[in-house]
Structure formats: structure tokens, C-alpha cells
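Structure at a glance
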Amino acid sequence: MHMMDHDERRAFLLHGTRTAHLATIRENGEPHVAPVWFTLDGDDVVFMTGADTVKGRNLRRTHRAAISVDDPAPPYSFVHISGTAQMFDCGDDMDAAFPHAWTISARYMGEELAEQYARRNAVAGEMLVRLTPDRIFAQAELAD
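Let me begin by describing the structure that accompanies this report. (Residues numbered from 1 in each chain as written. Predicted model: local features only at pLDDT ≥ 70, side-chain atom pairs only at ≥ 80, totals over all residues. Heavy atoms only, no water.)

In terms of regular secondary structure, the chain is built from 4 helices and 8 strands. Starting at the N terminus, the α and β elements of the chain follow one another as β-α-β-β-β-β-α-β-β-α-α-β. Taken over C-alpha atoms, the radius of gyration comes to 15 Å for the chain, in line with the 15 Å a tight globule of 144 residues would show. On the principal axes, the C-alpha backbone points of the chain span a range of 45 × 40 × 20 Å. Across the 144 residues that make up the chain, the buried fraction comes to 42%. (Helix = DSSP H or I, 4+ residues; strand = E, 2+ residues; numbered from the N terminus. Rg over C-alpha atoms; globule rule 2.2 N^0.38 Å. Buried < 20%, exposed > 50% of the residue type's maximum accessible area, 1.4 Å probe, protein only.)

Shown next, in the form of C-alpha cells:
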């Protein structure tokens, strides 16, 4: 077992189609966890969600979130990031949102479908979310 350094963490997070589990807090204080497709922009985690989803409403209210990404196969590794979320309504600037939507779509659906999914997601009512880390904890090879 060891702590991941910056480069190892980035490679882990961007490997394949790993899904982040996004944790937010509901208005009544209960936690809410939902899977999200994501990419990185520098050290920021970037993902999209509907403005009126539970996670969208929670993010707009608190501007705080955490994600967890893991490798469920031996020797097991994970990254946990918590931080401040900035939200941008895709309808306000679809041209700015589209490149991020395309990158995320290409990662999870392949480049041949990236345009189709990006055009579906970079629209009014969808938010581009940028999670800037305050805290990062990343361990590799837990069962080694």
C-alpha cells in the first residue's frame, strides 16, 4: 500500500471509464450519493448534471461536494476528493460547455458518439460543474 503522488493519481482518475461517486448533502442534512461521468481540467474534477436533479440542487445550495473513485479489483486503489463546486449553466454559454461535454462523452461513449452526447448534454438546464479540491486522499495497492 502507498499514497499516490500527483501523476499517479491523475493517471488513475483518467484510466478507462471509471465512474465517480458524487456525495452531496440534501437540505434536510441527509447524504446523497450518485454516480457521475467526469474528466479532469488541471486538478479540478469536471462533470455535468441537470440543474434540477437532487445533486444539482444540493450543489447549487451548498457549493460543496466530494467524490470517490475506486478500482474494485485487486490490489484495490481509490481516490477521494472533497472541495468547492462552481456551477455553470450550459444554456448561458453552450460554446464554452461543449468542449467539456465532448471530452466526457468521448471518454465514456467513444469518440464516434461524443458529438451526439455532447450536443445532448451541453444545453440549457444542464450544469457544468467544476469541483476544486480542498482535500485529496489517494491510496494505491491496498491489498498488496
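Right, picking up where we left off after that structure.
Attention now moves to the packing of aromatic side chains. Summed over the entire model, instances satisfying the criterion amount to 2 aromatic pairs. With a centroid separation of 5.8 Å and 40 degrees between ring planes, the pair formed by Phe78 and Phe137 is classed as tilted. Of the two residues, Phe78 is situated in strand 7 (residues 77–89) and Phe137 in strand 8 (residues 126–140); the sequence distance between them amounts to 59 residues. Judged by its relative accessible area of 31%, Phe137 is partly exposed. A cation over a ring is seen here: Arg18 above Phe12, with NZ or CZ 4.0 Å from the ring centre. Positioned above the aromatic ring of Phe38 is the side chain of Arg107, whose terminal nitrogen or guanidinium carbon lies 4.6 Å from the ring centre. (Phe/Tyr/Trp six-rings, centres within 6.5 Å; stacked < 30°, edge-to-face > 60°. Lys NZ or Arg CZ within 6 Å of the ring centre and 35° of its normal.)

For the rest of this paragraph, the subject is the environment of Ile104. Tracing the backbone through its elements, the reader meets Ile104 in helix 3 (residues 94–109). Between the alpha carbons of Ile104 and Thr62 there is a distance of 24 Å; along the sequence they are 42 residues apart. Excluding its chain neighbours within four sequence positions, the residues that come into contact with Ile104 are Trp37, Phe38, Thr39, Val46, Phe47 and Met48. (Contact = heavy atoms within 4.5 Å.)

Burial in helix 3 covers these residues: Ala97, His100, Ala101, Ile104, Ser105, Ala106, Arg107 and Tyr108. Against the buried residues of helix 3 lie helix 1 (6–14), strand 4 (38–41), strand 5 (44–50), helix 4 (111–121) and strand 8. Looking one or two residues past helix 3, Gly110 carries a phi angle of roughly 90 degrees, positive in sign.

Here the focus is a nonpolar patch on the surface. A cluster of nonpolar side chains, namely Met1, Tyr76 and Leu142, defines an oily patch on the protein surface of about 290 Å² accessible area. Locating Met1 in the fold gives a position in the segment before strand 1 (2–3). Judged by its relative accessible area of 58%, Met1 falls in the exposed class. (Patch = residues over 30% accessible without salt bridge, like charges linked within 9 Å, V, L, I, M, F, W, Y side chains within 5 Å. Areas by Shrake-Rupley, 256 points an atom, 1.4 Å probe, with all protein chains shown as cover. Salt bridge = Lys/Arg side-chain N within 4 Å of Asp/Glu carboxyl O.)

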